[in-house]
Amino acid sequence: MSKSQLNPITIASQSLSASSNAKVSYKIKYPQISGSQLNPEAQQAINSVLKKQADRVLVAGKKMMAEGEATTERPYEFGNDFAVAYNKDGILSVIMQDYSYTGGAHGMAVRKGYTFSLADGKLLQLSDVLKANPNYKKFLNADLKKKIDALQSGEAFGKFKELAADQDFYVTNSGITIVFSLYDYAPYAYGIPEFTYSFAQLLPQGGKPFAGQNE
């Protein structure tokens, strides 16, 4: 992957406008891409997926406020932000994280990865990225079980069984990062559980990620 070239695209930060006041704060950002070499349909498909994530955060926040005003001294908060994790070889992987505070000791954060093929705008699943290894699930399920069991150290949380059909992940220059939700397998203080694997760990020798996606 060392000879990878950055994709010739522009990634702009957009914001959803919403009225904040003494009882609620909205700070919702999301990315939108453009580029002269992009297929217009692919660009539209990718931008639509990313904007829908931001729209969901805003809609959920407004719905909660409509159902009952904030009862805490601290204003309720609803936000979304993003980071570009991978932008090479015709592949774009974006981390979207939304945050909400609706009372209590702390807020809640949800992190989600979106990995796209720029050629056609397809939202890729883990199986698309690791197509060169038909046995990747067996390796990841066994390794993640060991890591999560060690992480819990007797805590009363659910035990990891296997990757979800739509497992959350994102791609970086280092490989694949598997993401779980707060409280899935560990206390809040641990943060969002993430586990990173290099492509060398996940693919056979000579195997390439995204096999066939941009051919």
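Below is a short write-up of the structure. (Residues numbered from 1 in each chain as written. Predicted model: local features only at pLDDT ≥ 70, side-chain atom pairs only at ≥ 80, totals over all residues. Heavy atoms only, no water.)

### Observations concerning the overall build of the protein chain
Right, so step 1: For the protein chain, the count of helices and strands is four helices and eight strands.
Right, so step 2: Each helix and strand of the protein chain, ordered N terminal to C terminal, gives the series β-β-α-β-β-β-α-α-β-β-β-α.
Right, so step 3: Structurally, the protein chain occupies a C-alpha span of about 60 × 50 × 25 Å along its principal axes.
Right, so step 4: Within the protein chain, the fraction of its 215 residues that count as buried is 42%.
Right, so step 5: Long-range pairs, those at least 24 residues apart, make up 59% of the contacts in the protein chain between residues at least 6 apart in sequence.
Right, so step 6: Per element, the accessible surface of the protein chain, about 11700 Å² overall, is 50% carbon and sulfur.
Right, so step 7: The average position of the 23 basic charges and that of the 20 acidic charges among the side chains of the protein chain differ by 3 Å. (Helix = DSSP H or I, 4+ residues; strand = E, 2+ residues; numbered from the N terminus. Buried < 20%, exposed > 50% of the residue type's maximum accessible area, 1.4 Å probe, protein only. Contact = heavy atoms within 4.5 Å. Areas by Shrake-Rupley, 256 points an atom, 1.4 Å probe, with all protein chains shown as cover. Lys, Arg positive; Asp, Glu negative; His and termini not counted. Charge placed at Lys NZ, Arg CZ, Asp CG, Glu CD.)

### Remarks on the nonpolar core
Right, so step 1: With 24 residues, the main nonpolar core has Leu126, Val129, Leu130, Leu140, Leu144, Ile176 and Ile178 as its most contacted residues.
Right, so step 2: Of all the secondary-structure elements, those providing two or more residues to this core are helix H2 (126–129), helix H3 (136–152), strand E6 (169–172), strand E7 (175–179), strand E8 (194–197) and helix H4 (199–202).
Right, so step 3: Top contributing element to this core by residue count: H3, with four residues.
Right, so step 4: The contact partners of Leu140, leaving out residues within four places of it in the chain, are Leu126, Leu163, Ile178, Tyr197 and Leu202.
Right, so step 5: Membership of the second largest hydrophobic core comes to 22 residues, among which are Val24, Tyr30, Ala54 and Met65. (Core = buried A, V, L, I, M, F, W, Y, C linked by side-chain atoms within 4.5 Å.)

### Points about the pairing of strand E3 (residues 76–88)
Remember that side chains alternate between the two faces of the sheet whenever the strand is regular.
Right, so step 1: Note that strand E2 (residues 24–34) and E3 share five bridges and pair parallel. From the neighbouring strand, Lys27 faces E3, where its bridge partner is Gly79.
Right, so step 2: As paired elements, E3 and strand E4 (residues 91–101) share eleven bridges and run antiparallel to each other. When the bridges of E4 are listed, Lys88 appears paired with Ile91. (Pairing = 2+ DSSP bridges.)

### Some remarks on the pattern of salt bridges
Right, so step 1: Tallied over the full model, the rule gives seven salt bridges.
Right, so step 2: Of the charged contacts in the structure, one is a salt bridge between Glu77 and Arg74, with a shortest N-O distance of 3.1 Å.
Right, so step 3: When the shortest N-O distance is used, the salt bridge between Lys145 and Asp149 registers 2.8 Å. A residue pair is termed a helical-turn pair when its members lie 3 or 4 positions apart in one helix, as Lys145 and Asp149 do in helix H3 at four residues. (Salt bridge = Lys/Arg side-chain N within 4 Å of Asp/Glu carboxyl O.)

### A short note on the sheet that holds strand E1 (residues 10–16)
Right, so step 1: The strand order across the open sheet built from five strands is E1-E2-E3-E4-E5, with neighbouring strands paired in mixed fashion. Taken across any chain shown, the strands that pair with only one partner, and hence form the sheet edges, are E1 and strand E5 (108–117). Direction aside, the axes of adjacent strands within the sheet are offset by 20° on average.
Right, so step 2: Contacts between helix H1 (residues 40–67) and the sheet are confined to E1, E2, E3, E4 and E5, with E2 contributing the most and set at about 175° to the helix. (Axes fitted to C-alpha atoms, helices over the stretch in contact; angles between N-to-C directions.)

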